[in-house]
4 protein chains.
Amino acid sequence: MPKISDKKREDRRQQILEAALACFSADGFHQTGMADIVKRSGLSHGAVYLYFQSKDDLIEALADDRHRREAILNSVAQGSGDPIEGLHALVRVYAQWLTDPMGEARRRVGIHGWAEALRNRRVRTSVVEGIDLPRALIVALVERGQHDGLIKRDIGADAISRVLIAIFQGFVLQKCWGEDFDVAACMATVTTVINGFRTTTADMKRRTRT
Amino acid sequence: MPKISDKKREDRRQQILEAALACFSADGFHQTGMADIVKRSGLSHGAVYLYFQSKDDLIEALADDRHRREAILNSVAQGSGDPIEGLHALVRVYAQWLTDPMGEARRRVGIHGWAEALRNRRVRTSVVEGIDLPRALIVALVERGQHDGLIKRDIGADAISRVLIAIFQGFVLQKCWGEDFDVAACMATVTTVINGFRTTTADMKRRTRT
Amino acid sequence: MPKISDKKREDRRQQILEAALACFSADGFHQTGMADIVKRSGLSHGAVYLYFQSKDDLIEALADDRHRREAILNSVAQGSGDPIEGLHALVRVYAQWLTDPMGEARRRVGIHGWAEALRNRRVRTSVVEGIDLPRALIVALVERGQHDGLIKRDIGADAISRVLIAIFQGFVLQKCWGEDFDVAACMATVTTVINGFRTTTADMKRRTRT
Amino acid sequence: MPKISDKKREDRRQQILEAALACFSADGFHQTGMADIVKRSGLSHGAVYLYFQSKDDLIEALADDRHRREAILNSVAQGSGDPIEGLHALVRVYAQWLTDPMGEARRRVGIHGWAEALRNRRVRTSVVEGIDLPRALIVALVERGQHDGLIKRDIGADAISRVLIAIFQGFVLQKCWGEDFDVAACMATVTTVINGFRTTTADMKRRTRT
DNA sequence: TATGAATGAGGTTTCATTCAT
DNA sequence: AATGAATGAAACCTCATTCAT
């Protein structure tokens, strides 16, 4: 029985996923043919189907892949003491991710995934869970900040997390569409936005009164 | 003379566009077959091709349609005196648009269009021009606000506009994916974000010192 | 009842036939769409179908048209006394027809008709009858020539007629394919061919012996 | 290793070409649907497109095929010493080809190709090159004959070749249209025609005088 | 009579997937 | 395990013809 080693098996899998990523990035899921992926992977049709049951399977595997990578991204941003500083750290991590030229393909496929999530339940689950991770992280930070009196208490932690995530989603779109997206300037503005959530002296006075 | 009246002609066009919108919203551009659109429109294959040269033409027509509608949306938000109030007005208009249940299909198709924009130049042009409209509007408001000393001068007007637009793009995504997106709460937070751009007393002091 | 005059009716018919001729000449019968003919004729779809029942009907009408024109062509060549001179006259008439720049379209459509004759009985009948006319004419001339002792008696009149007709068919093909077909030189050679059918002194001696 | 053997591959190709030949012979290029060819070949749609990129490709492959076969035909007729005998040999070869019942389909497709050559450049090139082969052969023979004083010098070798080729083209047409085409009698007449190009005693006297 | 919008069967081609080797 | 030839449903689009006006 010509069973290959687990390592080789995993290598082949990655080889196929990389080919798929490149193709999907260039043409989208539905304009990419299996033949394109097969050619780019250097394997055969049959081989690809040994590792993935179908094209949808491949799409979902990439969605999961992204899911896993973002989990790591988030973990990197954890562990700082000051909640506000934690938010800034998260921003820096995502800014980094947004700028990485190697990640361009992944960002583009991500956008295709956002559209695909509208009609493919598995993909949607993966995407939604993917954003639930940073959301929970942000919520935790904000709630701690509110508890410590550092962040305004009249806005929901959940809403803040959704706004911050939305900003990054929009940045991905705008960056992938055009070349003139100034990441640094936009990031600086995000910093301002976060600082805007800080408790001001006015808030304190108001609170005292209440 | 059976030459159809202009009104009837335009009605038929809308009839087809609506069918296409519904289909594209449900299945995306590439999973929707012309047969689906034909069936839903109640017309025949040939009739559809009498009004649109190809499926791509249909996609582009919808992109243009969206473009045109957003232009109206923006114009609605213009004309207020106070720049900050102008931004809030704009937010209200888009919040309205985001909440409108009739617009669900259009929002979903919009997302598919964002993905399509990555590989279809015509669609990308339409999308990019579509966001250039509100961007220019926001930039104008912010610059006026900065000139009047109402808005912080240390952040770029362009970056602010991109952040606000990104927020809305992210909101569209999050709203279309899940049912638990709290539009009101998020909008309130956007209000806070905008207020965060206001000049603070601290800013003034700093400026004086400089 | 808005019945139009016979003359107007005939004019319209010709208008359509001319449009069809131009289209068929350029693109062949099956690559030409009714829409092309309609556009070129300046009439409407409905109008064309008032004059011709179908596209095939149009093709057949053009075949018949050609049939009729060739009948005239042949009649022109009749009536000379000397049979050999009659053949030369016929050659001159066809040479003329082959050279006429206005007839280019008709020659091209003729070729398309030859192919169509293989699968359309009506067209084949028309084509075959069309060549039967000059064939009968040539056969009559040759038989008279043979009777008068001017033309060799050991070759069939029918075969001679088929050879002469074949020569013209081939000329039409070669002329329509390329620009370097030298009509004058080829015609001169046909003259030689015809003279080759003349009885020689050798023939006469042989005959005397028999 | 399921990579098909070269022989099997070539067999399949021929299988498809034969099916196409039969269909095109019966219905012409444009009335034949790919479905007809697919059905007749016994393969599937996809398989046919594995061997030929498009219907046009199939048409051109048949044109090239014919080109190649005629080249062989011509080579067979070469090599005789006496130029006049060479012409007669050529006539015999073509007479053979014209009579072969297996070649009926090929002759019919050939006619369709003549029409197609009017609007398809690739086909025209193939057709024109196809007749250039025997033309060059005939020209060479005739020029040798003229040099040796066996053939009249007052007619162009090129014109003679065109006449002989035209005769065969016409024969193909007439044979494919009707059942009553007497190949033997017509061929005998061609022999007479060729002999008519021989130098006569009259020619010699005239030449002497000059 | 005349119009041209509408029909819908049928055209060519693609492509995710399978399976004999 | 691996190959790639083969499948056939389904994709997009065209076009000869009809018919309400």
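Residues numbered from 1 in each chain as written. Chains lettered and ligands numbered in written order. Predicted model: local features only at pLDDT ≥ 70, side-chain atom pairs only at ≥ 80, totals over all residues. Heavy atoms only, no water.

(A) Fine view of the packing of helix H6 (residues 104–116) of chain C against helix H8 (residues 157–177) of chain C. Residue and element names in this part refer to chain C. Here H6 crosses H8 at 115°, and the two axes come no closer than 10 Å. The orientation of H6 with respect to H8, classified from their angle, is roughly perpendicular. Crossing of H6 against H8: the hand is left-handed. Touching Glu104, Arg107, Arg108, Ile111 and Trp114 of H6 are Gln169, Val172, Leu173, Lys175 and Cys176, all from H8. (Axes fitted to C-alpha atoms, helices over the stretch in contact; angles between N-to-C directions. Helix = DSSP H or I, 4+ residues; strand = E, 2+ residues; numbered from the N terminus. Parallel < 35°, antiparallel > 145°, perpendicular 65-115°, else oblique. Left-handed = near helix turned anticlockwise from the far one by under 90°. Contact = heavy atoms within 4.5 Å.)

(B) Region of interest: the relation of the copies chain B and chain A. Note on the identical chains: chain B maps onto chain A by a rotation of 179° and an axial translation of 0.0 Å, with an RMSD of 0.3 Å. Such a combination of turn and shift is consistent with a two-fold rotation axis. Mapped onto chain A, 100% of the interface residues of chain B again fall at the interface, so both copies present the same surface. (Least-squares fit on C-alpha atoms with pLDDT ≥ 70 in both.)

(C) Structural view of the interface of chain B and chain A. On the chain A side, the residues contacting the 42 residues of chain B number 42 residues. Three residues stand out in chain B for area buried against chain A, namely Leu118, Arg162 and Trp177 of chain B, and they jointly supply 22% of the buried area on that side. At the junction of chain B with chain A, the criterion picks out four salt bridges. Here aspartate 27 of chain A and arginine 119 of chain B are joined by a salt bridge, their closest N and O atoms 3.9 Å apart. Here chain B and chain A share 10 residue pairs in polar contact (both at pLDDT 80 or more) between them. Considering each element in turn, the side of chain B that touches chain A owes the most residues, 14 residues, to helix H8 (residues 157–177) of chain B. Of the residues contributing to the side of chain B that touches chain A, the split by class is 25 nonpolar, 10 polar and seven charged. (Buried area = accessible area lost by both parts, 1.4 Å probe. Salt bridge = Lys/Arg side-chain N within 4 Å of Asp/Glu carboxyl O. Polar contact = N/O pair within 3.5 Å; in protein donor to acceptor, adjacent residues only side chain to side chain. Nonpolar A, V, L, I, M, F, W, Y, C, P; charged D, E, K, R; others polar.)

(D) View of the confidence of the model for chain A. Of all residues in chain A, 95% have pLDDT values of 70 or greater, and the mean over the chain is 92. Within chain A, the lowest mean pLDDT, 70, falls on helix H10 (residues 201–209) of chain A, and the highest, 98, falls on helix H2 (residues 34–41) of chain A. (pLDDT = per-residue confidence, 0-100.)

(E) Fine view of the interface of chain C and chain D. On the chain D side, the residues contacting the 42 residues of chain C number 42 residues. The contact between chain C and chain D buries some 3,700 Å² in all, and 71% of this surface belongs to carbon and sulfur atoms. Taken as a group, Leu118, Arg162 and Trp177 of chain C account for 22% of the area that chain C buries against chain D, more than any other trio of residues on that side. Applying the counting criterion to the chain C and chain D interface returns four salt bridges. At the surface where chain C touches chain D, the tally comes to nine residue pairs in polar contact (both at pLDDT 80 or more). Only helix H1 (6–27), H6, helix H7 (121–147), H8 and helix H9 (183–196) of chain C provide two or more residues apiece to the side of chain C that touches chain D. Considering each element in turn, the side of chain C that touches chain D owes the most residues, 14 residues, to H8 of chain C.

(F) Quick look at the domain arrangement of chain A. All names here are of chain A. Looking at the assigned domains, one finds that chain A contains domain 1 (1–52) and domain 2 (55–209). The gap between the C-alpha centroids of domain 1 and domain 2 is 31 Å. Counting from both sides, the interface comprises 15 residues of domain 1 and, opposite them, 13 residues of domain 2. Of all residues in domain 1, the largest losses of buried area upon contact with domain 2 belong to Leu21, Ser25 and Phe29, amounting jointly to 43% of the total for that side. Across the domain 1-domain 2 interface, the total number found is zero salt bridges. At the level of elements, helix H1 (6–27) and H2 are the ones that each hand at least two residues to the side of domain 1 that touches domain 2. With eight residues, the top contributor of residues to the side of domain 1 that touches domain 2 is H1. Of the residues assigned to the side of domain 1 that touches domain 2, the class counts are 10 nonpolar, four polar and one charged. (Domains from an automatic or database assignment.)

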